[in-house]
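# Descriptive analysis of the structure
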Amino acid sequence: MKQSQLGRALFAEQMKWAAWFYGIMIILTLGTTIANHWGILGNLDINSTTSNVFMLIIGLLYSYGFLDYYFKLGVSRKKFFKASLFASVLLSVILAFAMVIMISLFEILVPALGFAVPWTDLLISSGILSFIQSIGDYFISHFFYLLIGWFIGIGFYRFRWKIGLLFILISSPFTGMAGFLQEQIWIESTIIIFYAIFLIMIVILIGFIYRLTKNTAIRL
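The present account deals with the structure reproduced in this document.

For the rest of this paragraph, the subject is helix α3 (residues 77-112). End to end, α3 covers 52 Å across 36 residues, agreeing with the expected 52 Å (1.5 Å per residue, within 8%). Looking at the residues trailing α3, positive phi occurs at G114, about 95°.

Turning to its location among the elements, S76 is positioned in the loop between α2 (49-71) and α3. Using a relative accessible area of 35% as the deciding quantity, one classes S76 as partly exposed. The spacing of S76 and K214 is 138 residues in sequence and 9.1 Å in space, taken between C-alpha atoms.

Grouped together as the largest cluster of nonpolar side chains are 54 residues, with contacts concentrated most on F144 and W150. The biggest single contributor to this core is helix α4 (residues 128-184), with 19 residues. If we skip the residues at most four places from it in the chain, F144 touches F174, T175, A178, F198, M201, I202 and L205.

Moving on: the packing of aromatic side chains. The description of an aromatic ring pair rests on the distance of the ring centres and on the angle between the ring planes. Under the defined criterion, the tally for this structure stands at 14 aromatic pairs. Relative to Y22, the ring of F21 lies with its centre 5.1 Å away and its plane at 85°, an arrangement referred to as edge-to-face. Between Y62 and W150, the ring centres sit 4.7 Å apart and the planes meet at 70°, which makes this aromatic pair edge-to-face. With Y62 in helix α2 and W150 in helix α4, this residue pair connects regions lying 88 residues apart in the sequence. When its relative accessible area of 0% is taken as the criterion, W150 is described as buried. By way of ring pairs, the aromatic residues W17, Y62, F66, Y70, F81, W150 and Y210 are connected into one cluster.

A few words on the packing of α3 against helix α5 (residues 191-214). One way to put it is that α3 packs onto α5 with a least axis distance of 9 Å and a crossing angle of 150°. Of the possible angle classes, the one that applies to α3 and α5 is roughly antiparallel. Viewed along their axes, α3 and α5 form a crossing whose handedness is right-handed. On the side of α3, the interface is formed by R77, K78, F81 and L85, while α5 contributes I206, I209, Y210, T213 and K214. The residue inventory of the contact of α3 with α5, partitioned by class, reads five nonpolar, one polar and three charged.

Moving on, we come to the packing of α2 against α3. Remark: α2 packs on α3, axes separated minimally by 11 Å, with the N-to-C direction vectors making an angle of 155°. Overall, the two elements α2 and α3 adopt an arrangement that is roughly antiparallel. The handedness of the crossing between α2 and α3 comes out as right-handed. Contacts from S51, F54, M55, I58, Y62, F66, L67, Y70 and F71 of α2 reach α3 at R77, F80, S84, A87, S88, L91, S92, L95 and M99. Its residues placed into classes, the contact of α2 with α3 shows 13 nonpolar, four polar and one charged.

Turning our attention to α5. Along its 24 residues, α5 runs 35 Å from first to last C-alpha, staying within 8% of the 34 Å computed at 1.5 Å per residue. Residues of α5 that are buried include every one of I191, F194, F198, M201, I202, L205, I209, L212 and T213, and no others.

Once that is clear, we can look at the pattern of salt bridges. Counting across every chain of the model gives one salt bridge. Between K16 and E13 there is a salt bridge, with the nearest N and O atoms lying 3.8 Å from each other. Of this pair, K16 and E13 both sit in helix α1 (residues 3-37), three residues apart, which is roughly one turn of that helix. Residue classification places E13 among the partly exposed positions, given a relative accessible area of 28%.

Among the surface-exposed residues, F97, I101, L105, I108, L109 and I124 lie close enough to one another that they form a single nonpolar patch of about 540 Å² accessible area. With respect to the helices and strands, L105 occurs in helix α3.

Here we take up a positive patch on the surface. A cluster of basic residues, K78, K82, R211 and K214, forms a positive patch at the surface. Looking at the positive patch, the elements that each hand over two or more residues are α3 and α5. Structurally, R211 can be placed in helix α5. For R211, a relative accessible area of 47% corresponds to the partly exposed category.

Rules behind the numbers
Residues numbered from 1 in each chain as written. Predicted model: local features only at pLDDT ≥ 70, side-chain atom pairs only at ≥ 80, totals over all residues. Heavy atoms only, no water. Helix = DSSP H or I, 4+ residues; strand = E, 2+ residues; numbered from the N terminus. Expected span 1.5 Å × (residues − 1). Buried < 20%, exposed > 50% of the residue type's maximum accessible area, 1.4 Å probe, protein only. Core = buried A, V, L, I, M, F, W, Y, C linked by side-chain atoms within 4.5 Å. Contact = heavy atoms within 4.5 Å. Phe/Tyr/Trp six-rings, centres within 6.5 Å; stacked < 30°, edge-to-face > 60°. Axes fitted to C-alpha atoms, helices over the stretch in contact; angles between N-to-C directions. Parallel < 35°, antiparallel > 145°, perpendicular 65-115°, else oblique. Left-handed = near helix turned anticlockwise from the far one by under 90°. Nonpolar A, V, L, I, M, F, W, Y, C, P; charged D, E, K, R; others polar. Salt bridge = Lys/Arg side-chain N within 4 Å of Asp/Glu carboxyl O. Patch = residues over 30% accessible without salt bridge, like charges linked within 9 Å, V, L, I, M, F, W, Y side chains within 5 Å. Areas by Shrake-Rupley, 256 points an atom, 1.4 Å probe, with all protein chains shown as cover. Lys, Arg positive; Asp, Glu negative; His and termini not counted. Charge placed at Lys NZ, Arg CZ, Asp CG, Glu CD.

Here is the structure:
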């Protein structure tokens, strides 16, 4: 199997999961809106927490699902890594667009139906630059958490659970910094610095994942 074919196959499989995920997200958001309309819930802040968890789970499956399967089909570790990285970037881009479009359509259609949007900071009222930045923010966040999941997954896969637990501890400073950056990223005077820190963390994670994948013994 060629690397490009493998990348497309990985991306296609992940998009099937993403379709189910966003379908559930739409249902939950509609339920939240109705509950807010009836006074059961107050206003909520829309964020990428749920989609980040989804991406982290996909990253975990890279080692325990995809790596075993494709290695037994004759795919090398290096080819698998490159194809997976390609699929990860493409998936993160597509889901970033999907998230922003879903939020925008929701903010337009729900008020037309007589309901209030259950969050206060409306994306559609912030202008085109905010729309573009939101896509960038979601892309970086989604890609980062997929890498975190991949990093933890390959740690457990290679070293088993006792040492694998250390990978969760190692990833904690990364996720802690990511959470801080996501809270501060809209401060215009420091936005470039925040993006640069995210980029550095992403490069470090990719380097670790490549080294671990390259030297991992496949479980037959």
